[in-house]
Amino acid sequence: MSAVANRSRPEPVGLARLKTRREFLRAARGRSKAAPGLILQGWRRGAEEAPCEIRVGFTCSKKVGNAVVRNRAKRRLRAAATEVLAFEGRPGWDYVLIGRRDVTVSRPYPLLLSDLSGALSRVHG
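Residues numbered from 1 in each chain as written. Predicted model: local features only at pLDDT ≥ 70, side-chain atom pairs only at ≥ 80, totals over all residues. Heavy atoms only, no water.

> Give me the lowdown on the overall build of the chain, citing residues and values where you can.
The helix and strand inventory of the chain stands at four helices and five strands. Counted from the first residue to the last, the chain has its helices and strands arranged as α-β-α-β-β-β-α-β-α. Among the 125 residues that make up the chain, the fraction classed as buried is 38%. Considering only residue pairs separated by 6 or more positions, the chain has 79% of its internal contacts joining residues 24 or more positions apart. For the chain, the exposed area adds up to about 7,000 Å²; of that, 52% sits on carbon and sulfur atoms. (Helix = DSSP H or I, 4+ residues; strand = E, 2+ residues; numbered from the N terminus. Buried < 20%, exposed > 50% of the residue type's maximum accessible area, 1.4 Å probe, protein only. Contact = heavy atoms within 4.5 Å. Areas by Shrake-Rupley, 256 points an atom, 1.4 Å probe, with all protein chains shown as cover.)

Written as C-alpha cells, this is what we have:
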C-alpha cells in the first residue's frame, strides 16, 4: 500500500472529464508543473462554470510510444487521478495529466502517485 493511500482523507469527489480541445487548451494556459512521472496542468475555472466539480483530462503524445504504450500510460494516469485527485484536487479546477516518454509506463505506481500528489500541491501552492 502506498504512502498516499495511508493518509486519512475526506470523502472523495467525483471526477468529470475534459473532452474538447478548447478545454485542454484552456488548461494549458494555467499553471504547469513537471514531475518525474508526469506533467500536470491546472486551471481554475470562472464562477460562471460548474464550480463544484473537478474535471480532468489525459493525454500522451506519440513521443511516449506506439498506441499500446500510450494507452497503457493513460490508463495508469487515470488510475492515479482516481486515487489522488478525487481526494486532493480542488473543486472548480480543470486538470490535464500528460504522460512522459519512457517514464509514465515504467515508473513504480506508488512513485507515480507521489509524483501526482507533489505536482498537485505545487500547482495549488
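That was the structure; now back to the text.
> So what about the sheet that holds strand β3 (residues 38-44)? Which residues, and what values?
Strands sit in the order β1-β4-β5-β3-β2 across an open sheet of five strands; the sheet is mixed. Edge positions in the sheet fall to β1 (15-17) and β2 (31-34), since each has one partner strand and no second. Here the strands of the sheet are splayed against their neighbours by 25 degrees on average, with no regard to which way each runs. Sheet strands in contact with helix α2 (residues 21-28) are β3, β4 (54-59) and β5 (93-99), and its direction is about 95 degrees off that of β3. (Pairing = 2+ DSSP bridges. Axes fitted to C-alpha atoms, helices over the stretch in contact; angles between N-to-C directions.)

> An account of the side chain of R45 is requested, with residue identities and associated values reported.
With respect to the helices and strands, the residue R45 is situated in the loop between β3 and β4. Overall, R45 belongs to the buried group, its relative accessible area being 6%. From its side chain, R45 meets the backbone oxygen of W93 in a polar contact 3.0 Å long. A distance of 2.4 Å separates the side chain of R45 from the side chain of D94, its partner in a polar contact. (Polar contact = N/O pair within 3.5 Å; in protein donor to acceptor, adjacent residues only side chain to side chain.)

> Explain the packing of aromatic side chains to me, and be specific about the residues and the numbers.
On inspection of all chains with the given rule, the structure shows one aromatic pair. Plain terms: the ring middles of W93 and Y95 are 6.1 Å apart, the flat faces sit at 15 degrees to each other, and that makes the pair stacked. We note that W93, like Y95, is buried. Over the aromatic face of W43 sits the side chain of R29, whose NZ or CZ is 5.3 Å from the ring centroid. (Phe/Tyr/Trp six-rings, centres within 6.5 Å; stacked < 30°, edge-to-face > 60°. Lys NZ or Arg CZ within 6 Å of the ring centre and 35° of its normal.)

> With reference to specific residues and values, describe helix α4 (residues 109-124).
Along its 16 residues, α4 runs 23 Å from first to last C-alpha, staying within 8% of the 22 Å computed at 1.5 Å per residue. What α4 keeps buried is the set L112, L113, D115, L116, S117, A119, L120, V123 and H124. (Expected span 1.5 Å × (residues − 1).)

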